Amino acid sequence: MQTTVASPSTGALWTGRIVSALTVLFFIFDGVTKVIKIPQVIESTVQLGYQESHIVLIGILMLLCTAIYVIPQTAVLGAILLTGYLGGAVATHLRAGSGAFPIIFTIVFGGLVWLGPYLRNPKLRALVPLQK
């Protein structure tokens, strides 16, 4: 049995592209600031309990996950990897007692990671249908 999946509307397609582009820009910024060792990033990451020697590796992993997310054929895998990364960030902020804003921001960003592909990819919408 073969099911037909409707193409996304132009508005949904462009909204998905814009949401994905904004999340990608944020992740690139976050990853690059870790890789080039911006002093404020190093300081805040160490305050969260990470060793300074691990920060560059964390940035590289962020950039690799983002690259996988950018490729249309691997966007869902990239979303899964970025969701894992953001889950670790939520756990880190909870453990460190960072307050509500960093936790909520990270959770919302996790939603945006999935919103872009969801709006662009009819197969993903068929897999996770939202009921009216």
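Residues numbered from 1 in each chain as written. Predicted model: local features only at pLDDT ≥ 70, side-chain atom pairs only at ≥ 80, totals over all residues. Heavy atoms only, no water.

Structural notes on the overall build of the protein
And step 1. Scanning the protein for helices and strands turns up six helices and zero strands.
And step 2. Summarising its shape, the C-alpha atoms of the protein cover approximately 55 × 30 × 25 Å along the three principal directions.
And step 3. Taken over 132 residues, the protein has a buried fraction of 33%.
And step 4. For the protein, the exposed surface amounts to about 8,400 Å²; the carbon and sulfur share of it is 71%. (Helix = DSSP H or I, 4+ residues; strand = E, 2+ residues; numbered from the N terminus. Buried < 20%, exposed > 50% of the residue type's maximum accessible area, 1.4 Å probe, protein only. Areas by Shrake-Rupley, 256 points an atom, 1.4 Å probe, with all protein chains shown as cover.)

Focus on a nonpolar patch on the surface
And step 1. Together, W14, I18, L22 and L25 make up a nonpolar patch on the protein surface, roughly 450 Å² of accessible area in all.
And step 2. Mapping W14 onto the fold places it in helix α1 (residues 10-35).
And step 3. For W14, a relative accessible area of 48% puts it in the partly exposed group. (Patch = residues over 30% accessible without salt bridge, like charges linked within 9 Å, V, L, I, M, F, W, Y side chains within 5 Å. Salt bridge = Lys/Arg side-chain N within 4 Å of Asp/Glu carboxyl O.)

Considerations on the layout of surface pockets
And step 1. In this model, the largest pocket occupies a volume close to 650 Å³.
And step 2. Together, 24 residues line the largest pocket, and D30, K34, Y85, A89 and H93 are the ones closest to its centre.
And step 3. Mapped by element, the contributors of at least two residues to the lining of the largest pocket are α1, α2 (39-47), α3 (55-70), α4 (75-96) and α5 (100-120).
And step 4. By residue class, the composition of the lining of the largest pocket is 15 nonpolar, seven polar and two charged. (1 Å grid on protein atoms, 1.4 Å probe; cavity = no way out; pocket = protein on both sides within 12 Å on 5 of 7 lines; lining within 4 Å. Points joined across faces, edges and corners; volume = space filled by probe spheres on them. Nonpolar A, V, L, I, M, F, W, Y, C, P; charged D, E, K, R; others polar.)

Quick look at α2
And step 1. Along α2, the positions that sit buried rather than exposed are V41, I42 and T45. Down the axis of α2, the sector holding all buried residues measures 100°, keeping them to one side. For α2, the exposed residues set more than 90 degrees away from the buried face come down to P39, Q40 and Q47. (Arc of directions from axis to C-beta.)

Observations regarding the pattern of salt bridges
And step 1. Going through the model one piece at a time under the given rule, you end up with one salt bridge.
And step 2. In this structure, D30 and K34 form a salt bridge, with 2.7 Å as the shortest nitrogen-oxygen distance. One end of the pair, D30, and the other, K34, are both in helix α1, four residues apart, so they sit about a helical turn from each other.
And step 3. Exposure remark for K34: the relative accessible area of 9% places this residue in the buried category.

Description of α5
And step 1. Under the 1.5 Å per step criterion, the end-to-end length of α5 is 31 Å for 21 residues, consistent within 8% with the ideal 30 Å.
And step 2. Residues P102, I103, T106, F109, G110, V113, G116, P117, Y118 and L119 constitute the buried set of α5.
And step 3. At its buried positions, α5 is contacted by α1, α3, α4 and α6 (122-127). (Expected span 1.5 Å × (residues − 1). Contact = heavy atoms within 4.5 Å.)

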